Amino acid sequence: MKNATRAVAIGAAALTLIAGALALPRPPALSGEVTGDTELVGTMRELLVDSPGLRDRVSVAVIDGDDVRVAHFGASGETEYEIGSVTKTMTASLLADAIERGEVDADTQLGELLDLGVSEAASITLDELATQHSGLPRLAPSLAQTVSALVANYRANDPYGASVGELVASATETDVGEKRFEYSNFGFALLGQALAAAADTSYPDLVEQRLFAPLGMSDTFAPTTPDDLDPDAPTGYTASGRASDAWTLGADAPAGSVRSTLDDMVLYARAQLDESAPGVKATEPVTEVDDLGSIGYAWFTTEGVTWHNGGTGGFTSWVGFDRSTDRAVVVLNNTTASVDELGFALMEVK
Amino acid sequence: MEFITGFLALAFAAIFALSAANRGKVWGAKSRLDLVLSGVDAVVVLFAARLLMPWSIVSPWLWLIPVAIVAAGVGFAVIRWSGLPVTRPDKSRRHAVIWGAVHAAVLAALVFLLVG
């Protein structure tokens, strides 16, 4: 009997070990399917060695005037990526464009466009929102948003999803802080919704009509719900290698919901570089920012490079350009590992 | 934060294995219910570590350490099983049911938080 029990015990332990071994974590690795400019691919391989973190698909473009070199790992020019907060540069373009059209002024107050009553947020100007000097916190300070952000960390899902009404209601209840630089997704969400209200349309339609269509970015769009995505829309990976849900952000879309491709982002970056983009004044530095150099409307300028990065639950991105060297760089990545260093490094590569 | 789940997985696996292998008053499981709950704790925390640990930075092979400890615990649990009462003799059956239900609810909430 004792021997039989021992045999069962050993068998049970062995089965547990086998089950555990079968469940061994298998995080994705940088794709071996590589296409594009041979030299740039080689450069990327060298840079990625020094850039820690999980990788799977990566697409990059280095634009020197009319010359465009690309490199893809596991992707093509038409592969869809979430670009995260690079979306803010698009919202910023819409602001500069709306000022040119005479729809709004830099000093237009948020309360003139959104129903904010007599709240503190009503007196925030569009210029303050676009330069991240609004006094608003990073996220809407609601209990639901806080809990949602906390839970999203563990479930790898989209922590956003408020309606425009809920976003505006949060703003009316927010204490506005000191008007110094504080990066705010909340502020950019309100800015995008205010611009949409000024144009009497929705944010996704506004950015399509005034930015994506004029630039020929036919595979770029701003979803606000998962229903706006194709059933097989690509999703990315968290730092642990877990598949992340798509981020569509709801009313916070102007802060980071845009999905795009490398081909489209090349059009966008080139238009910023040669100043043909709608609302290109957004790229001009407006005020100094400690450590980062200066900020225009969303765009940072650091040591001559004008740039913005992005990150969602499963993607990171970087777009930058330097008009003095006539170079622009786009980096798109489907994991949460940062690509900022890659972006800056590619700005320097010969 | 992500690394904490790895340490917790090791700790809970060790607690389970100790409670299964040890017959002492401090660490040893006093009932089958204790043993089961301790085992399920270890598996759930292991599951959390699998989902949350940054496996691109930490070698995935390290996963096998807590798995091996849990496997050893399962083996010891089988050996001790027949010699243990269903619930602790020093507590009432009602206490065991309430404790078991609360424990299971917390674990279910944790699993729901992770994948629900």
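See the structure printed just above.
Structure report, in brief. (Residues numbered from 1 in each chain as written. Chains lettered and ligands numbered in written order. Predicted model: local features only at pLDDT ≥ 70, side-chain atom pairs only at ≥ 80, totals over all residues.)

1. Some points on the overall build of chain A
Here is step 1: Tallying secondary structure elements over chain A gives eleven helices and eleven strands in all.
Here is step 2: On C-alpha atoms alone, chain A measures out to a radius of gyration of 22 Å, which is about the 20 Å that the 2.2 N^0.38 rule sets for 350 residues.
Here is step 3: Projecting the C-alpha coordinates of chain A onto the three principal axes gives extents of approximately 90 × 50 × 40 Å.
Here is step 4: Here chain A holds 350 residues, and the buried ones make up 52% of them.
Here is step 5: Long-range contacts, defined as pairs at least 24 residues apart, comprise 69% of the intrachain contacts of chain A with a sequence gap of at least 6. (Helix = DSSP H or I, 4+ residues; strand = E, 2+ residues; numbered from the N terminus. Rg over C-alpha atoms; globule rule 2.2 N^0.38 Å. Buried ≥ 20, exposed ≤ 12 C-beta atoms within 10 Å, placed from the backbone. Contact = placed C-beta atoms within 7 Å.)

2. A short note on the overall build of chain B
Here is step 1: Along the backbone of chain B there are four helices and zero strands.
Here is step 2: Ordered by position from N to C terminus, the α and β elements of chain B give α-α-α-α.
Here is step 3: Principal axes of the C-alpha set define a box for chain B whose edges measure 45 × 30 × 20 Å.
Here is step 4: Sorting the 116 residues of chain B into buried and exposed places 35% on the buried side.
Here is step 5: Here the analysis covers contacts within chain B between residues at least 6 apart in sequence; of these, 78% occur between residues at least 24 apart.

3. Looking at the interface of chain A and chain B
Here is step 1: Each partner contributes to the interface: chain A provides 26 residues, whereas chain B provides 23 residues.
Here is step 2: Among the elements that make up the side of chain A that touches chain B, the one with the highest residue count is helix α1 (residues 2-22) of chain A (eleven residues).
Here is step 3: Of the residues assigned to the side of chain A that touches chain B, the class counts are 16 nonpolar, six polar and four charged. (Nonpolar A, V, L, I, M, F, W, Y, C, P; charged D, E, K, R; others polar.)

4. Quick notes on the packing of helix α1 (residues 2-21) of chain B against helix α3 (residues 64-81) of chain B
Residues and elements named next belong to chain B.
Here is step 1: Between α1 and α3, the least distance of the axes is 8 Å, while the angle of their chain directions is 20 degrees. Between α1 and α3, the angle is such that the two are roughly parallel. At the point where α1 passes α3, the crossing takes the left-handed sense. Counted together, Ala-9, Leu-10, Ala-13, Ala-14, Phe-16, Ala-17, Ala-20 and Ala-21 of α1 and Ile-65, Pro-66, Ile-69, Val-70, Ala-72, Gly-73, Phe-76, Ala-77 and Arg-80 of α3 form the full contact between these two elements. (Axes fitted to C-alpha atoms, helices over the stretch in contact; angles between N-to-C directions. Parallel < 35°, antiparallel > 145°, perpendicular 65-115°, else oblique. Left-handed = near helix turned anticlockwise from the far one by under 90°.)

5. Things to note about unusual backbone geometry
Here is step 1: One non-glycine residue, Gln-132 of chain A, adopts positive backbone phi at about 60 degrees.
Here is step 2: Within the fold, Gln-132 of chain A resides in the loop between α4 (126-130) and α5 (143-155).

6. Description of the pairing of strand β9 (residues 305-311) of chain A
Residue and element names in this part refer to chain A.
Here is step 1: Here β9 lies mainly inside the structure; seven of its seven residues are buried.
Here is step 2: Here β9 shows a buried face lined by Val-305, Trp-307, Asn-309 and Gly-311 and a second buried face lined by Thr-306, His-308 and Gly-310.
Here is step 3: Note that strand β8 (residues 300-302) and β9 share three bridges and pair antiparallel. Paired with Phe-300 across the strands is Trp-307, a residue of β9.
Here is step 4: Between β8 and the antiparallel strand that follows it, β9, lie two residues; Glu-303 among them carries a positive phi value of about 50 degrees.
Here is step 5: Examined bridge by bridge, β9 and strand β10 (residues 316-322) share six bridges and lie antiparallel to one another. Among the inter-strand pairings, Asn-309 is bridged to a residue of β10, identified as Trp-318.
Here is step 6: Connecting the antiparallel pair β9 and β10 is a turn made up of four residues. (Pairing = 2+ DSSP bridges.)

7. Observations regarding the environment of Val-118 of chain A
Here is step 1: Along the chain, Val-118 of chain A falls in the loop between α3 (87-101) and α4.
Here is step 2: Overall, Val-118 of chain A belongs to the exposed group, with 8 C-beta atoms counted inside 10 Å.

8. Focus on the environment of Gly-311 of chain A
All names here are of chain A.
Here is step 1: Tracing the backbone shows Gly-311 in strand β9.
Here is step 2: In the structure, Gly-311 is positioned 228 residues away from Ile-83 in sequence and 6.9 Å away in space, judged by C-alpha atoms.
Here is step 3: Contacts of Gly-311, omitting those with residues within four sequence positions, involve Gly-84, Ser-85, Thr-316 and Thr-336.

9. Points about the sheet that holds strand β11 (residues 327-333) of chain A
All names here are of chain A.
Here is step 1: With antiparallel pairing, the nine strands of this open sheet are ordered in space as β1-β3-β2-β11-β10-β9-β8-β7-β6. At either end of the open sheet lies a strand with only one pairing partner, and these are β1 (34-36) and β6 (287-289). Sheet twist, expressed as the average angle between the axes of neighbouring strands with direction ignored, equals 20 degrees.
Here is step 2: Helix α10 (residues 262-273) rests against β2 (58-64), β3 (67-73), β10 and β11 of the sheet, and its axis sits at about 150 degrees to β11.
Here is step 3: Each of β2, β9, β10 and β11 is contacted by helix α11 (residues 340-348), which is oriented at about 155 degrees to β11, the strand it contacts most.

10. Re the nonpolar core
Here is step 1: Val-60, Leu-95, Leu-190, Ala-194, Leu-195, Ala-269 and Val-330 of chain A are the most contacted members of the largest nonpolar core, which totals 92 residues.
Here is step 2: Here this core gets ten residues from one element, more than from any other, and that element is helix α7 (residues 185-198) of chain A.
Here is step 3: Excluding its chain neighbours within four sequence positions, the residues that come into contact with Leu-95 of chain A are Leu-126, Ala-130, Leu-191, Leu-195, Gly-279, Ala-282 and Tyr-297 of chain A.
Here is step 4: Listed in part, the 28 residues of the second largest apolar core include Ala-29, Ala-42, Ala-49 and Trp-63 of chain B. (Core = buried A, V, L, I, M, F, W, Y, C linked by C-beta atoms within 7 Å.)

11. Remarks on α10 of chain A
Residue and element names in this part refer to chain A.
Here is step 1: Its twelve residues give α10 an end-to-end C-alpha distance of 16 Å, which sits within 8% of 16 Å, the value for a rise of 1.5 Å per residue.
Here is step 2: Among the twelve residues of α10, twelve are classified as buried, and the element is accordingly described as predominantly covered.
Here is step 3: Those residues of α10 that fall on the buried side of the exposure criterion are Leu-262, Asp-263, Asp-264, Met-265, Val-266, Leu-267, Tyr-268, Ala-269, Arg-270, Ala-271, Gln-272 and Leu-273.
Here is step 4: Summarising the contacts, the buried residues of α10 are in contact with β2, β3, α8 (203-215), β5 (259-260), β10 and β11.
Here is step 5: Immediately downstream of α10, the backbone of Glu-275 shows phi near 65 degrees, a positive value. (Expected span 1.5 Å × (residues − 1).)

12. Here we look at the pairing of β11 of chain A
Looking along a regular strand, one sees side chains alternate from face to face of the sheet.
Residues and elements named next belong to chain A.
Here is step 1: In terms of residue burial, β11 counts as a mostly covered element, since seven of its seven residues are buried.
Here is step 2: One ladder, built from seven bridges, connects β2 with β11; its direction is antiparallel. Note that in β11 the partner of Ser-59 across the bridge is Leu-332.
Here is step 3: Bridge analysis of β10 against β11 gives seven bridges, and the strand direction is antiparallel. Bridging from a neighbouring strand, Trp-318 pairs with Val-331 of β11.

13. A closer look at the environment of Gly-314 of chain A
Here is step 1: Secondary-structure assignment places Gly-314 of chain A in the loop between β9 and β10.
Here is step 2: C-alpha separation for the pair Gly-314 of chain A and Trp-247 of chain A, spaced 67 residues apart in sequence, amounts to 8.4 Å.

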